[in-house]
Every structure is written in C-alpha cells, then in structure tokens.
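# Understanding the architecture of this molecule
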Amino acid sequence: MAEHGASLVIEVADSGPGVPGGEAEKILRYGYSTKPHAGQGRGLGLALVKRSVERLGGTLAVTGGAGAVFTVEIPRKGDTP
C-alpha cells in the first residue's frame, strides 16, 4: 500500500500461473471462474472488488506474467469528484 499523488495504491501479487493473455477483463466479470465445473457461487470475488473500487471512484488493473498482479487505485478522501 502506498500513496501515489492524490491516490491510495494497493497492489496484491500471487505466485499462481498468472492470467492468460486476453483474460484480464474476463476474470473481473460476475460468474467467470478458471476452476473446472464452475457453478453457482463461483466468480464473485474479483467482480465484487471491482465494483467496490469503482464505487469509490477508483480503478482495478490486472497484469502479470508468472503470477497475477492486481493493482487498486483509489482517490484519497476529499480528492473524489
């Protein structure tokens, strides 16, 4: 977690297989899961994070090669439009 200008930046990285090319936007959708037999109750976590961050006027970015990196940037209190 760090401050970057007028924003708070939170970055989370994992050591998994990463996000395949072209999948970054898909993994942020409700119901999307990389797990086999994805069914009810899957594909909620990242979608909820994205929704919450956007409600705060921020952004969520997904990058990475070997392992995924999730970067949340939220305007600091008082700096939101």
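Please read all numbers here as calculations on a predicted model, not as lab measurements.

## Digging into the layout of surface pockets
In this structure, the largest pocket spans a volume of roughly 390 Å³. The wall of the largest pocket is formed by 20 residues, among which Ile27, Thr34, Lys35, Leu46 and Phe70 lie closest to the centre. In terms of residue count, the dominant contributor to the lining of the largest pocket is helix α1 (residues 45-55) (three residues). For the lining of the largest pocket, the class distribution of residues is ten nonpolar, six polar and four charged.

## Quick word on the pattern of salt bridges
For the structure shown, the criterion picks out two salt bridges. Measuring nitrogen to oxygen at the nearest pair gives 3.5 Å for the salt bridge that ties glutamate 23 to lysine 26. Taking relative accessible area as the criterion, glutamate 23 reaches 16% and is therefore assigned buried. Here lysine 50 ties to glutamate 54 by a salt bridge, and the two come within 3.5 Å at their closest N and O atoms.

## Here's the deal with the nonpolar core
Core analysis: the largest hydrophobic core is formed by ten residues, namely Val19, Ile27, Leu28, Val53, Leu60, Val62, Ala68, Phe70, Val72 and Ile74. Only β3 (59-63) and β4 (69-75) provide two or more residues apiece to this core. A per-element tally of this core places β4 first, with three residues. For valine 19, the contacting residues outside a window of four places in its chain are Ala24, Ile27, Val62 and Ala68.

How each quantity is defined
Residues numbered from 1 in each chain as written. Predicted model: local features only at pLDDT ≥ 70, side-chain atom pairs only at ≥ 80, totals over all residues. Heavy atoms only, no water. 1 Å grid on protein atoms, 1.4 Å probe; cavity = no way out; pocket = protein on both sides within 12 Å on 5 of 7 lines; lining within 4 Å. Points joined across faces, edges and corners; volume = space filled by probe spheres on them. Helix = DSSP H or I, 4+ residues; strand = E, 2+ residues; numbered from the N terminus. Nonpolar A, V, L, I, M, F, W, Y, C, P; charged D, E, K, R; others polar. Salt bridge = Lys/Arg side-chain N within 4 Å of Asp/Glu carboxyl O. Buried < 20%, exposed > 50% of the residue type's maximum accessible area, 1.4 Å probe, protein only. Core = buried A, V, L, I, M, F, W, Y, C linked by side-chain atoms within 4.5 Å. Contact = heavy atoms within 4.5 Å.

Scope: geometric values only; no functional claims are made or implied.
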